[in-house]
Amino acid sequence: MDKKISIIEDMKKLGLSEYEVKAYLNLLEEYPVNGYVLSKNSGIPRSRIYEVLDSLKNKQIVFEQVEDNTTQYYPLEPKLLIGKLKNNFDDILNNVDKYTKKVYYEQQKDNKLLVIKGRDKIIDFVSTLISQANKRIAVSIWEEEINDMRAMLDAAIKRGVNVKGIYFGKNNSYKDIVSHRRIERYLSEKSERYMIVIIDRIQVVSGIISRGEDSQVTWTKDTGFVDMSEDYIAHDLMVNLYSKKLNEDQREEFEAYLDKVRKDYYGFSDEEFNSFKI
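Quick caveat, the model's predicted, so the values are computed rather than measured.

1. Points about the sheet that holds strand 5 (residues 162-168)
As summarised here, the arrangement of the 7 strands in space is 3-9-8-7-4-5-6, forming an open sheet in which the pairing is mixed. Across the chains shown, the open sheet's two edge strands, defined by having one partner strand only, are strand 3 (113-117) and strand 6 (177-179). The sheet shows a mean angle of 15° between the axes of neighbouring strands, direction not considered. Summarising the sheet, strand 4 (residues 136-142) and strand 7 (residues 194-199) pair through 4 bridges and their orientation is antiparallel. Bridging across to strand 7, Ile137 finds its partner in Ile199. This element, helix 6 (residues 119-131), spans strand 3, strand 4, strand 7, strand 8 (203-208) and strand 9 (216-220) of the sheet and lies at about 125° to strand 3.

Printed below as a string of C-alpha cells:
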C-alpha cells in the first residue's frame, strides 16, 4: 500500500474524514494557501473545500488568517497535532472506562470459558493481556508466535514483569524461557503448534494456534484451569532443566527412558515412534 494512502487510512481511524486528512496533509506540504489553491492541490472539490476547512478550524487543526483581503490557511504543527489527538483519546477512553465500569455487572463466577477464533485475533488478544500483566507471565510457546508478540513481551520485561516458560524453536533470545530439548524430534512428532499464556496466575489462554483463521483457543480465569496450566509448564520446565544438567551418558539413558514412557502412553507402534526420532 502506498505510504500516503496508508497514513490517510490511519488518520481516518482518529476520527477525521478523508477530505479532512487530505486537506491537512496538503497544507503541511504548502502553506499558507487559500481555499482555491488547496482544493487544486488536494483534489478536494471546490464545492466542498470550505466545508472541510470549517470543520478543521472547529477542531483547531487548521487556522485561518486574512492577508490582503484573502483568507489564507495554516496547518497545526504536527507535534501539536499528535499531542492534541492523544489528549482527546485519553479523555475519551477515561470516559468510556468510567461509564462501562459503572454499568457492567461483574459476575462473581470466574469459571466461564470464552473461545477466541482466528490466529490474528488470538495474537492481538494475548498481546493485550500481556500489556496489562503486573507481576508474572508464564508461557509454553512456539517461535512463530513469540515473534509476533515480541514487542509486548519485551515491554513487559522492561517494566519488571517476570517472564518464564518453555520455548519451541531454534532462536531463543529470552534467558528465563527455556528452550525445549530435542526440538527436531519434537517437531517431527507434532503436526500442530499449541500455546499457553498465563497472566499473573489469574487468567490463561490455551489452545491450537497453527491453523490460521481456524485456530482456536480458550480464555478463562477458572482457578482449576490456571493451576493445571501452571503445573503443565512447571513439569515441562523440570524435565528440560534436569536433562540439561546431566552428562552425555546420563542424558542418553534418561531420554531413552522418557521415550519408552511416551511410546507406551500414546500407544505408538515401533514404526511410528522410530519415524519421529531425528
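2. Focus: unusual backbone geometry
The omega angle of the peptide bond from Tyr31 to Pro32 is -5°, so this bond is cis rather than trans. Looking at where Pro32 falls in the secondary structure, it is placed in the loop between helix 2 (18-29) and helix 3 (35-42). At Gln60, a residue that is not glycine, the phi angle is positive and equals roughly 60°. Residue position: Gln60 is located in the loop between helix 4 (46-58) and strand 1 (62-67). Judged by its relative accessible area of 46%, Gln60 falls in the partly exposed class. One non-glycine residue, Arg182, lies in positive phi territory at about 45°.

3. Describing the packing of helix 1 (residues 3-12) against helix 2
Where helix 1 meets helix 2, the closest approach of the two axes is 9 Å, and the angle between their N-to-C directions is 125°. Our classification of the angle between helix 1 and helix 2 gives oblique. Note that helix 1 runs across helix 2; the crossing there is right-handed. Contacts from Lys4, Ile7, Ile8, Met11 and Lys12 of helix 1 reach helix 2 at Glu18, Val21, Lys22, Tyr24, Leu25, Asn26 and Glu29. Partitioned by chemical class, the residues of the contact of helix 1 with helix 2 number 6 nonpolar, 1 polar and 5 charged.

4. What to know about the layout of surface pockets
Estimates place the volume of the largest pocket at around 800 Å³. Considering the residues around the largest pocket, the lining is formed by 24 residues, among which Tyr186, Tyr232, Asp236, Arg262 and Tyr266 are closest to the centre. The set of elements that each furnish at least two residues to the lining of the largest pocket consists of strand 4, helix 9 (183-189), strand 7, helix 10 (223-245) and helix 11 (248-266). At 7 residues, the largest contribution of residues to the lining of the largest pocket is made by helix 11. Considering only residue class, the lining of the largest pocket consists of 12 nonpolar, 4 polar and 8 charged.

5. Examining helix 10
In this model, helix 10 (23 residues) spans 33 Å end to end at C-alpha, consistent with the 33 Å of a helix rising 1.5 Å per residue. Every buried residue of helix 10 is listed here: Val226, Ser229, Glu230, Ile233, Asp236, Leu237, Val239, Asn240 and Ser243. Backbone nitrogen of Gly224 and a side-chain oxygen of the N-cap are separated by 3.0 Å at the start of helix 10; the cap is Asp222.

6. Section: the nonpolar core
Val126, Ile130, Ile137 and Met195 are the most contacted members of the largest nonpolar core, which totals 26 residues. Among the secondary structure elements, those contributing two or more residues to this core are helix 6, strand 4, helix 8 (150-158), strand 5, strand 7 and strand 9. With 5 residues, the top contributor of residues to this core is helix 6. Apart from the residues within four sequence positions on either side, Met195 is in contact with Ile122, Val126, Ser140, Ile141, Glu145, Met149, Val205, Ser206, Gly207 and Ile209.

7. Considering helix 6
For helix 6, spanning 13 residues, the distance from its first C-alpha to its last is 18 Å, which sits close to the expected 18 Å at 1.5 Å a residue. Taken as a whole, helix 6 has its buried residues at Arg119, Ile122, Ile123, Val126, Ser127, Leu129 and Ile130. The arc enclosing the buried residues of helix 6, seen along the axis, measures out at 160°, which places them on a common side. Helix 6 presents Lys121 and Asp124 as exposed residues on the side facing more than 90 degrees away from its buried surface.

8. Focus on a negative patch on the surface
On the surface, Asp120, Asp124, Glu213 and Asp214 cluster together into a patch of negative charge. Its location among the elements puts Asp124 in helix 6.

About the cut-offs
Residues numbered from 1 in each chain as written. Predicted model: local features only at pLDDT ≥ 70, side-chain atom pairs only at ≥ 80, totals over all residues. Heavy atoms only, no water. Pairing = 2+ DSSP bridges. Helix = DSSP H or I, 4+ residues; strand = E, 2+ residues; numbered from the N terminus. Axes fitted to C-alpha atoms, helices over the stretch in contact; angles between N-to-C directions. Contact = heavy atoms within 4.5 Å. Buried < 20%, exposed > 50% of the residue type's maximum accessible area, 1.4 Å probe, protein only. Parallel < 35°, antiparallel > 145°, perpendicular 65-115°, else oblique. Left-handed = near helix turned anticlockwise from the far one by under 90°. Nonpolar A, V, L, I, M, F, W, Y, C, P; charged D, E, K, R; others polar. 1 Å grid on protein atoms, 1.4 Å probe; cavity = no way out; pocket = protein on both sides within 12 Å on 5 of 7 lines; lining within 4 Å. Points joined across faces, edges and corners; volume = space filled by probe spheres on them. Expected span 1.5 Å × (residues − 1). Polar contact = N/O pair within 3.5 Å; in protein donor to acceptor, adjacent residues only side chain to side chain. Core = buried A, V, L, I, M, F, W, Y, C linked by side-chain atoms within 4.5 Å. Arc of directions from axis to C-beta. Patch = residues over 30% accessible without salt bridge, like charges linked within 9 Å, V, L, I, M, F, W, Y side chains within 5 Å. Areas by Shrake-Rupley, 256 points an atom, 1.4 Å probe, with all protein chains shown as cover. Salt bridge = Lys/Arg side-chain N within 4 Å of Asp/Glu carboxyl O. Lys, Arg positive; Asp, Glu negative; His and termini not counted. Charge placed at Lys NZ, Arg CZ, Asp CG, Glu CD.

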